[in-house]
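So the chains spell out like this:
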Amino acid sequence: MKKPRPWLAPAATLVIAVAMWFYPDLVDAAGWPIFYLLFAYTVFFWTAQASSWNLFTGFSGYFSFGQGAFYGVGVYTVGVMVVKRGWPLLPTFLVGGILAAALGLSIGLVVFRLRRLRGEIFALMTLAVAFVLGAVARISSTIDGGQGIPLSSVPTPEALGTHPQMIFRLGLITAVLAVVVAQVVQHSRLGWGLFSIRDDEDVAETLGVPTFRFKMIALGLTGFLAGLSGAVHALQVSYVTIEEVFNIRVPLMVILMSILGGTRHWMGPVLGALVVHTMSDRLNRAGLEAVSDIIVGALLILMIVAMKEGLYLRMRQRPLITAIGAAVGVAGGFVLGPLDSAVTHLGYTLLGAVLGAMIPVGSRRQRPERGAPAAQAIEEVVGG
Amino acid sequence: MKRVIALVAVLAMVLVACGGGGGQATTAAPDTTAGPATTPAAEEPATTAETEGDGEAEAPSGDPIVIGSTLALTGPLAPTAAIHKVAGDLFVERLNAGGGLLGRPVEWRVLDDESVADQAAALYERLITEDQVDLIMGPYGTGAIAAAIQVAERYGYVYPQHTGSLTYAFGYECHFPSWPTGRYPNQTNPSLVYDALESTGNPPETIAFVINQFPGSMFVAYGNPDTGDPNDATGAKQIAEERGYEVVLDVQYPLDISDWGPIAAQVRDADPDFVYLGALGVDGPNLIAALDALNYRPAGMFMQWPAPGPVLGAGESAEGVLSVTAFESHPPFTDDPENAEIADAFREAATAAGIPYPEMETQASASWAAWQTLVQGVEGAGSLDHEQICDYLRNNTVRTIFGEYQYGTEENNYYGDLSYVKQVQDGDWWVVYPEEKAAPDRTLEYSPDN
Amino acid sequence: MSLWAQSIVSGLLSGGLYAMMSLGMSLSWGVLKIINLAHFSFILFSGYITYQLAFSYGWDPFLAIVVCVPVFALAGMALQWVFDKLRISEFESLLLTFGLFIIFESVTSAIWTADFRRMDTVQNPYQSQSVWLGDLALPVPQLAAFLVALVIALGTRYLMDRTDFGRAVRALSQDRDIARAFGIDPHRVAMQLAGLAAGFAAIAGVFVAMSRALFPGLAVEWFGIVFSVVILGGLGSTLGTLIAAAIVGVVGGIATVIGGPPLAPLAIFLVLIATLLFRPQGIMGRSAT
């Protein structure tokens, strides 16, 4: 058994984050496309959203469709307070996070008191909350009333640079915060408690896990991180409408990313966000609008079928073939077409790595059986 | 084993797809050394065209000029965006057949923004800074238009767009809206409709407002008091009250409304002389069907921006329905032989693309006018320099399918309201008001006393 | 007064369409443990087929049921066969069928374009017809959907309670291994049930096409209502689904009259939340299932 070093991952994340802070300057100096900043921002945004979702759902097993509600609270806090009330931008981000956390806590306060709460009830409750918020925003003209809110005139802090530089840095902060929180939680008593709730809540209770309190803390954190990230994202949306905010897109995307990456480890959502966004961005750029959705759908199905434990654990189980896949991806990129863009390069690399990790090499015997044994196998990897 | 085969198949499929993308991307970014915003038409296209001695003088040559844009190819806005796709494809095809732009071929790169505004913003950022397209064209949908305008402004790109109906929200000086409603559609559009009704000598006494909660239709119906411009503050409802119509019903509905029955019951209950339906897409025929089911038919009904085909599909019940348009494929709009030919070509292209109602009308013609604006700007400036194009368009008249006009630099570049009232008569749409734009032998039919 | 009565009736009848869309979803989720998003694709696809049959061959839309039900029942069985082979879990099914959902949307768009498709009054005379009950108008498409949903809900209930197939299904939903021990072939029963669910989706599609315009992105709009009805009714309970759908429809109708259409979703979801707080297993759900 390795000695657990819970401080290692957060420390490494922070070092990387500090280095990335200066990435916009590098892009500027090297004359790279400014789009790279926006691409990175979008990955940050989904990383923050997926990590936040996974913190509660992935760890505790309670399936939440409420991500759209938390995200929407963040977006609309900025829309209403900054545009209509003239609040300063940066503190409003925090308010957005706090309001979303409060929403999470109030959902929890009501729902977790239910006796015999089943997973799907919780899932639907959270979905319903998003629809209720959308309906309230539609009725109330102080919030929206159907007119939408233009955010183009919002003054942004000059210290953070141009719009792309600013959005990159704000996205970086929220993503790093979400990831570090997930890392700390995973290696803390809270994380252990949440995992035990996921495995069997009744057993967890008898083991002395304060299930109610742990669930509340986790849901509050999820709300805060998602709201904060949504508030920042308002600057990128530039025109806020109910239909685009309180819809099913954000929850579906975070679920997709987290499950593809793997829900039992903080790295899963990060990897999922990176892979899914890179792939869909490059497919879209290829202009294959007719086929690209079909390919995305097919890849999704394939990953679910071939890689139930998630991308991250799969890659960790077989680093060699993943690395070979990545190398083949890079080489394939060179062979198949000139690499005109670093993002395309990244796309090939990730594609190679993912497909490498997917290839069912090794004998069937080594592959964990489906169902409960698979969970045990995952447990061994995570715990070991 | 089967699984392995499937894997390999998808691997191949995906690699080919990405490879195709990479390849296409390189052709699309011919000039990676200089930022496009400052590229002063370095290729000198005129000389390239001239040096090509034999062959057809008209055939475009040289690197293609790439025009980038997004459209809502999927998602809730896709039904209407499909029309803009057909119009753009046809325009570019004809442009290339007619010698291209500045003697160079034109390539339109259109991406799918999935009906999502932030997606559109990111895609325009990519088109401009990574793909380094030479020119851009606006997307479809208010949210996407508003999101992309910020990107265009950041990089100084000329931004023609076809359907931006939130006229107060678009202040960028190089933004050129071809949407033919003028800066204050909330005033001019309803006034036109009421003028038309009053021209019959028998205007409505009572009116019902049924409004889709979409930013554009809300603005026309009620105005927006938050913009700081008093002309923005009122809309169709207030103007109706000023004209002495009694407002007997005022309901708003969400975009994804599923049950029209209760609204229809309310309309029947209010029994207005005229229904002002702030409609998008298929709201109109949905309400008509629900009213039919109640055996109720108001004396007159106006629909803001309906998909034209499905309204006609409502058959006899749609007779007499009013809407606004800026172009219909009948005289006097097709008196100009060029416009007539465009309308015919569009009908052919839309039919081939499987569009159920293939006639050229408001949406397609706005799209067309935006493309015409862009081309005239480039040709007028004689270069791809955005400052020069912008200057040219701000200071010269353009000639589009809507006629000759000048973008109004004092009014967010909107020009006059070129809307006309059209009506369903004998199973088709006809412009009926004002008289000089009405189809031959067509006049507005409205009589609340029946 | 007639406004109120008419709105309530209209809401109740649209509940019939909600029920029709939700019945198969409820069976699939409750018994098979498959959260089948492709169910929505089936509904939409069936709607398009109905449209196409009417448009190209002048078929009466009701007749389309004859074609759509067997086609989609087979598709549903095939899908269940794959699910069984892959042994996927509840949440994996959500993702896998989401992949299918995306693919279906693209295919729909490729075949019928993204533009609106709606049968005109010649192809579909029913959209403007009503049965009159005194002063109350009962629109034919909604009324038909309601009656069919009623028949199906009661019929399925009978099937579950009184037949060998029903006993097998119930055994299956409790414990697969025990079911097998009693000589039930779980795969076979699962496929039959999936075929039934997909057949319900096909019928729902016919009614959708009869009452509104189709476009490829339409299916997403149904998620909220259908999931609400399914859970409110109790997973796997067909009668509960019908009652829940009626409640949702009536609440929506009343809220529309009181506060306008935007109030309808608010009222529906508040009722839903309140119901679940006091009766988390749904209206007809048995706490065990």
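Each value, and the rule that gives it
Residues numbered from 1 in each chain as written. Chains lettered and ligands numbered in written order. Predicted model: local features only at pLDDT ≥ 70, side-chain atom pairs only at ≥ 80, totals over all residues. Helix = DSSP H or I, 4+ residues; strand = E, 2+ residues; numbered from the N terminus. Rg over C-alpha atoms; globule rule 2.2 N^0.38 Å. Contact = placed C-beta atoms within 7 Å. Buried ≥ 20, exposed ≤ 12 C-beta atoms within 10 Å, placed from the backbone. Pairing = 2+ DSSP bridges. Axes fitted to C-alpha atoms, helices over the stretch in contact; angles between N-to-C directions. Parallel < 35°, antiparallel > 145°, perpendicular 65-115°, else oblique. Left-handed = near helix turned anticlockwise from the far one by under 90°. Nonpolar A, V, L, I, M, F, W, Y, C, P; charged D, E, K, R; others polar. Core = buried A, V, L, I, M, F, W, Y, C linked by C-beta atoms within 7 Å. Right-handed = clockwise from strand over helix to strand, strands pointing away. pLDDT = per-residue confidence, 0-100. Domains from an automatic or database assignment. Expected span 1.5 Å × (residues − 1). Bend = angle between axes of the 7 residues up to and from the residue.

Chemist: Please set out the overall build of chain C residue by residue, giving values where relevant.
Modeler: Scanning chain C from N- to C-terminus turns up eleven helices and two strands. Compactness check: chain C gives a C-alpha radius of gyration of 19 Å against a globular reference of 19 Å for 289 residues, within 12% of the reference. Its C-alpha atoms give chain C principal-axis dimensions of roughly 60 × 45 × 30 Å. A separation of at least 24 residues holds for 78% of the contacts in chain C among residues at least 6 apart in sequence.

Chemist: Explain the overall build of chain A to me, using residue names and the numbers behind them.
Modeler: Scanning chain A from N- to C-terminus turns up 18 helices and two strands. Scored against the burial criterion, the 384 residues of chain A give a buried share of 59%. Taking contacts inside chain A between residues at least 6 apart in sequence as the whole, the part at least 24 apart equals 78%.

Chemist: Describe the sheet that holds strand β13 (residues 420–425) of chain B, naming the residues involved and giving the relevant values.
Modeler: Residue and element names in this part refer to chain B. Here seven strands make up an open sheet; going across it, the order is β7-β6-β8-β9-β10-β13-β14 and the pairing mixed. Two strands in the sheet have a free side with no partner beyond their single neighbour: β7 (246–253) and β14 (428–433). Shown here is a sheet whose adjacent strand axes are inclined to one another by a mean of 30°, direction ignored. Where strand β6 (residues 206–212) meets β7, seven bridges bridge the pair, whose relative direction is parallel. Bridge pairing links Asn212 to Tyr253 in β7.

Chemist: I'd love a proper account of the packing of helix α16 (residues 319–336) of chain A against helix α17 (residues 342–358) of chain A, names of residues and values included.
Modeler: Residues and elements named next belong to chain A. For the pair α16 and α17, the least separation of the axes is 6 Å and the interaxial angle reads 140°. In this view, α16 runs oblique relative to α17, as classed from their interaxial angle. The chirality of how α16 crosses α17 is right-handed. Counting all contacts with α16, which are made through Ile321, Thr322, Ile324, Gly325, Ala326, Ala327, Val328, Gly329, Val330, Gly332 and Gly333, the residues of α17 involved are Thr344, His345, Tyr348, Thr349, Leu351, Gly352, Ala353, Leu355, Gly356 and Ala357. Residues of the contact of α16 with α17, tallied by class, amount to eleven nonpolar, ten polar and no charged.

Chemist: Please give an account of the sheet that holds strand β2 (residues 106–112) of chain B that cites residues and values.
Modeler: One open sheet holds the three strands; their spatial order is β2-β1-β3 (chain B), and the pairing between them is parallel. Each edge of the open sheet is held by one strand with a lone partner, namely β2 and β3 (135–136) of chain B.

Chemist: Hey, could you go over the interface of chain B and chain C for me, with residue numbers and the actual values?
Modeler: Each partner contributes to the interface: chain B provides 42 residues, whereas chain C provides 36 residues. Mapped onto the side of chain B that touches chain C, the elements with two or more residues apiece are α3 (78–97), β7, α9 (261–270), α10 (283–293) and α11 (308–313) of chain B. The biggest single contributor to the side of chain B that touches chain C is α9 of chain B, with six residues. Taken together, the residues of the side of chain B that touches chain C break down into 24 nonpolar, 14 polar and four charged.

Chemist: Quick one: what's the story with the nonpolar core, residue by residue and with numbers?
Modeler: Among the nonpolar cores identified, the biggest contains 401 residues, and Leu256 of chain A, Ile136 of chain B together with Met20 of chain C are the most heavily contacted of them. If one sorts the elements of this core by residue count, helix α8 (residues 186–211) of chain C sits on top with 18 residues. Not counting chain neighbours up to four residues away, the residues in contact with Met20 of chain C comprise Ala145, Val148, Ala149, Phe200, Ile203, Ala204 and Phe207 of chain C.

Chemist: Can you lay out the pairing of strand β8 (residues 274–281) of chain B for me, pointing to particular residues and giving the numbers?
Modeler: Within a regular strand, the side chains alternate between the two sheet faces. Residues and elements named next belong to chain B. With eight of its eight residues buried, β8 lies for the most part within the structure. Looking at chain direction, β6 and β8 are connected through five bridges and run parallel. Considered in β8, the bridge of Ile207 is made with Phe274. Traced from β8 through α10 to strand β9 (residues 301–306), the parallel crossover comes out right-handed.

Chemist: Kindly report on unusual backbone geometry, identifying the contributing residues and their values.
Modeler: All names here are of chain B. Here the bond from Pro331 into Pro332 is cis, since omega is 5°, no more than 30 degrees from zero. In this fold, Pro332 is placed in the loop between β10 (322–325) and α12 (337–352). The phi angle at Gln132 is positive, at roughly 50°, despite the residue not being glycine. With respect to the helices and strands, Gln132 occurs in the loop between α4 (117–130) and β3.

Chemist: Can you lay out the confidence of the model for chain A for me, pointing to particular residues and giving the numbers?
Modeler: Detailed reading of predicted coordinates is not advised where the pLDDT is low. Looking at chain A, the pLDDT average stands at 85 and 90% of residues meet or exceed 70. Predicted confidence is poor over residues 363–384 of chain A, with pLDDT under 50, and the contacts of this stretch with residues over four places away or in other chains come to 16 contacts.

Chemist: Can you tell me about the environment of Glu404 of chain B, naming the residues and giving the values?
Modeler: Tracing the backbone shows Glu404 of chain B in strand β12 (residues 403–405). Not counting residues within four places of it along the chain, the set of residues in contact with Glu404 of chain B comprises Thr397 and Arg399 of chain B.

Chemist: Residues and numbers for the domain arrangement of chain A, please.
Modeler: Often, the extent of an interface is quoted as the loss of accessible area on bringing the components together. Residue and element names in this part refer to chain A. Considered domain by domain, chain A is made up of domain 1 (1–247) and domain 2 (250–361). Of note, the centres of domain 1 and domain 2, computed from C-alpha atoms alone, are 23 Å apart. On the side of domain 2, 19 residues touch domain 1, which itself brings 20 residues to the contact. Where the side of domain 1 that touches domain 2 is concerned, the elements lending two or more residues are α3 (35–60), α4 (67–84) and α7 (163–186). Split by residue class, the side of domain 1 that touches domain 2 holds ten nonpolar, ten polar and no charged.

Chemist: Describe the environment of Ala323 of chain A, naming the residues involved and giving the relevant values.
Modeler: Mapping Ala323 of chain A onto the fold places it in helix α16. Sequence separation between Ala323 of chain A and Leu350 of chain A is 27 residues, and the spatial gap between their C-alpha atoms is 10.0 Å.

Chemist: Kindly report on helix α10 (residues 211–237) of chain A, identifying the contributing residues and their values.
Modeler: Structurally, the α-helix is built with 3.6 residues per turn, so residues lying three or four positions apart point the same way. Residue and element names in this part refer to chain A. Under the 1.5 Å per step criterion, the end-to-end length of α10 is 37 Å for 27 residues, consistent within 8% with the ideal 39 Å. A maximum bend of about 25° is found in α10 at Ala231. The element α10 is largely enclosed, with a buried count of 23 among its 27 residues. Downstream of α10 by a residue or two, Ser238 has a phi angle that is positive, lying close to 60°.

Chemist: Tell me what's going on with the pairing of β10 of chain B, and back it up with residues and numbers.
Modeler: All names here are of chain B. Of the two faces of β10, the one carrying Leu322 and Val324 and the one carrying Ser323 and Thr325 are both buried. Pairing analysis gives two bridges linking β9 to β10, with the strands arranged parallel. Along β10, the bridge assignment pairs Met303 with Ser323. Once you follow β9 into α11 and on to β10, the crossover reads as right-handed. Across four bridges, β10 lies against β13 in antiparallel orientation. The partner of Leu322 across the bridge, within β13, is Gln423.

Chemist: How would you sum up the environment of Tyr62 of chain A? Please name residues and give values.
Modeler: Residue and element names in this part refer to chain A. The residue Tyr62 is located in the loop between α3 and α4 in this model. For Tyr62, a count of 25 C-beta atoms within 10 Å puts it in the buried group. Once the C-alpha coordinates of Tyr62 and Gly145 are considered, the two residues, 83 residues apart in sequence, prove to be 33 Å apart. Not counting residues within four places of it along the chain, the set of residues in contact with Tyr62 comprises Phe56, Thr57, Gly119 and Phe122.

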